[in-house]
Amino acid sequence: MSELTHRTLTIDGDLTINWSLVPNIRFENIKFENAAWGKHPYMFEIAAIDISVDLKEILKGRFIIPQIILTKPNIILERSTEGKGNWEFQDNENAHNKDREFPIIERVRIVDGTLTYEDLTSHTHFSAFFATKIKEEDGEESTVLQGEGKLRGRPLTINLNAGPLVALRQAKQPYPMVLELHAGKTSVKVNGTLTQPLQLQGIDLQFDIKGPNPEQLSHVLGAPMPSLPLYQLKGDLSHHDDIWQIQRLHGHVGDSDLAGNITVKIVAGQPHITADLNSKKINLNDFGPFPQSLSALRKLQKMNANISIRSKLVDTKVPIDNLKMHIIIKEGHLILSPLDFSVAGGNIRSRIEFDTKTQPIKSKIEIEIHHVKLGEILRRFKIADKSAGLIGGQGIFWFKGNSLAEMLASADGGLLMLMTGGRLDGLLVELAGLDIGEAIVALFDKDDNTEINCAFVDLPTSGGIINMKTFVVDTKDTVFFGSGSIDFNSVQLDLVIDPKPKDLSLFSARAPLHIKGSLKDPTFTPGASAILRGAVSLALLPSAPIVSLYSLLQKDQKDQGNHKQDNILCGGLVEAINEARK
């Protein structure tokens, strides 16, 4: 043994032999030298070893040991700061052949053993009691271990019930184990087999993990974990070659449930994640606020992913359900396509891209809004639902920036929106968050019917500035025109709404409304001084964009060709535009 391992093995006690065809040889007080860098002088000390040898098998040329009994073994396992274990021995040219000639051991039994493990690379150490347990009814053996200490600096307790120790060397035979681990308030239970337990390979386990926050496992796993609320997850875990799999995953994170399958394949040191996940309800509050800085996305450059997520309900202020999301991450490029969901009687379809390899981060958003009842959304924010109607729209924007503010300040693109229903006076009051009194009186006659037949807005955007030149709201008595700008660089707006009564005799009762100031606290100024810049008549408005949005007012794709009442209300505005051009 000393020659094979280049460490000294000594026997300081008696040696006795009980002779028979299967003699028992007893060694007392055995010590095996530790690695030179180890903190302890011995890797193990054993009060006594009883070894049975089958002489009949030796005569046949086979060295078989039917049984080894280790009495009070004290084993020290250490890993150095360089990551080398004291169970790793020096290489020599004959080691492989000698390992082949190692005797066959049929049974190993432990009596009152102790085990100490120290890993200097991860602040991990624990002490444990272990022994062989024999069932009285059938004589079946198992190895039990109970230990406590610290895992990566955190309190740890372990309870293990596993197969016999001799099975550890039988790499082709599944090694059974049942493990309970508690690290702080986090608990892990696993039950299954390992084909190569010493290498942690060939894993096939059922697991149940729960705790207050997965982020606490970052120190345990040596990898960053998200900060989430109380969670419990169950499933089947397997690890073969370079592939980790979680199948039949189910459980909850906070108030959100989760189920599905996850595969992680390590390629050239980088994880490739594939997942198919389903949920009955996702509460967005469980996953934290939208980050003010997007610099964390740069971590995506070290991973690849293809993840599908579906949820019947998303618990948030906005009534969202039927979420469908496909996430692709490749070489620092994040794509969410589709990112679709139903909301307020309609649905929103979108595609979002982030390119994290650029500085600042480049991003792109494409969006289609179908048959959404804007009033239902505003009602969730305590804004009167009768003030807004049914909307449809489509847009595309490009951004540059590492935060939401930087993105808005660099926005390029545009958005077309169409709405039917609601009341313009009520909508302005509610969106302003105050009673604009005199301004409303000036813009609307007290007898006006401001129910919206059709509203259309074109929001071309460049360099973070929306230059709105096409804004029209058609009501029974009046057509309201608007123009102006919204500047996300200075967070200011400058808009004018100019009423054009259909009955010219009422013209004197109308005055434009000037909306100016910060986005958070704008001022509303009525009067002739609010001069409208831009279109002042229907004849100057384009009708084609309005017609192109008709289909987006329909609830279903199959209804796009049908001119329902929603279309007819906007059809009146289109007819008026075409008539004004004659």
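**Q** With reference to specific residues and values, describe the pattern of salt bridges.
**A** In total, this model carries 15 salt bridges according to the counting rule given. Arginine 62 is the partner of glutamate 57 in a salt bridge, and the nearest nitrogen-oxygen pair spans 2.9 Å. Arginine 62 sits in the partly exposed class, given a relative accessible area of 44%. The closest approach of N and O atoms between lysine 500 and aspartate 498, which form a salt bridge, is 3.5 Å. With relative accessibility at 26%, the residue lysine 500 sits in the partly exposed group. We classify aspartate 498 as buried; its relative accessible area is 10%. Salt bridges sharing common partners tie together Arg26, Glu28 and Asp50.

**Q** Can you explain unusual backbone geometry? Please cite residues and give values.
**A** Leave glycine aside and you will find that most residues have negative phi; peptide bonds, for their part, are mostly trans. Of the consecutive residues serine 337 and proline 338, the connecting peptide bond is found in the cis state with omega at 0°. Tracing the backbone shows proline 338 in strand β23 (residues 333-343). If you check the backbone angles, aspartate 112 has positive phi at about 55° while not being a glycine. Looking at the secondary structure, you find aspartate 112 in the loop between β8 (108-111) and β9 (113-119).

**Q** Now, about the packing of aromatic side chains: what can you tell me, with residues and values included?
**A** Scanning the model with the defined rule gives 4 aromatic pairs in all. For the ring pair phenylalanine 32 and phenylalanine 89, a centre distance of 6.1 Å and an interplane angle of 70° mean the geometry is edge-to-face. Of the two residues, phenylalanine 32 sits in strand β3 (residues 24-33) while phenylalanine 89 sits in the loop between β6 (67-79) and α3 (95-100), which places them 57 residues apart along the sequence. Each ring, one from phenylalanine 397 and one from phenylalanine 399, has its centre 6.2 Å from the other, and the planes form 25°; the classification is stacked. Owing to a relative accessible area of 10%, phenylalanine 399 belongs among the buried residues under this scheme. An aromatic cluster is present here, built from Phe32, Phe44 and Phe89 joined pairwise through their rings.

**Q** Now, about the nonpolar core: what can you tell me, with residues and values included?
**A** Counting residues in hydrophobic clusters, the biggest one holds 93 residues, and the most contacted among them are Ile327, Leu334, Val343 and Val372. Valine 343 has contacts with Val318, Pro319, Ile320, Ile348, Val372 and Ile377, leaving out every residue within four places of it along the chain. Core analysis: the next-biggest nonpolar cluster, separate from the first, contains 19 residues, Val479, Leu538, Leu553 and Cys570 among them.

**Q** Outline the side chain of glutamate 353, supporting the account with residue identities and numerical values.
**A** Within the element layout of this structure, glutamate 353 appears in strand β24 (residues 346-355). There is a polar contact of 3.3 Å between the side chain of glutamate 353 and the side chain of histidine 333. One polar contact links glutamate 353 to arginine 351, side chain to side chain, over a distance of 3.0 Å. Among all residues touching glutamate 353, those that are not within four sequence positions of it are His333, Leu334, Ile335, Lys362, Ser363 and Lys364.

**Q** Before we move on, can you summarise the environment of valine 314 with the specific residues and values?
**A** Inspection of the secondary structure puts valine 314 in strand β21 (residues 304-315). Along the chain, valine 314 and phenylalanine 341 lie 27 residues apart, while their C-alpha atoms are 9.2 Å from each other. In this structure valine 314 touches Ile282, Leu284, Ile320, Asp321 and Leu323, once residues within four positions along its chain are discounted.

**Q** Please give an account of a nonpolar patch on the surface that cites residues and values.
**A** On the surface, Leu15, Ile17 and Trp19 cluster together into a nonpolar patch covering about 350 Å² of accessible area. Tryptophan 19 sits in the exposed class, given a relative accessible area of 64%.

**Q** Go over the pairing of strand β18 (residues 256-267), please, and point to the residues and values.
**A** Pairing geometry for strand β17 (residues 243-253) and β18, over 9 bridges, is antiparallel. Residue pairing in the sheet places valine 253 in a bridge with serine 256 of β18. Linking β17 to β18, which pair antiparallel, is a turn of 2 residues; within it glycine 254 sits at a positive phi near 60°. Two elements, β18 and strand β19 (residues 270-279), share 9 bridges in a ladder whose sense is antiparallel. Across the sheet, residue valine 264 finds its bridge partner in β19, namely isoleucine 273.

What counts as what
Residues numbered from 1 in each chain as written. Predicted model: local features only at pLDDT ≥ 70, side-chain atom pairs only at ≥ 80, totals over all residues. Heavy atoms only, no water. Salt bridge = Lys/Arg side-chain N within 4 Å of Asp/Glu carboxyl O. Buried < 20%, exposed > 50% of the residue type's maximum accessible area, 1.4 Å probe, protein only. Helix = DSSP H or I, 4+ residues; strand = E, 2+ residues; numbered from the N terminus. Phe/Tyr/Trp six-rings, centres within 6.5 Å; stacked < 30°, edge-to-face > 60°. Core = buried A, V, L, I, M, F, W, Y, C linked by side-chain atoms within 4.5 Å. Contact = heavy atoms within 4.5 Å. Polar contact = N/O pair within 3.5 Å; in protein donor to acceptor, adjacent residues only side chain to side chain. Patch = residues over 30% accessible without salt bridge, like charges linked within 9 Å, V, L, I, M, F, W, Y side chains within 5 Å. Areas by Shrake-Rupley, 256 points an atom, 1.4 Å probe, with all protein chains shown as cover. Pairing = 2+ DSSP bridges.

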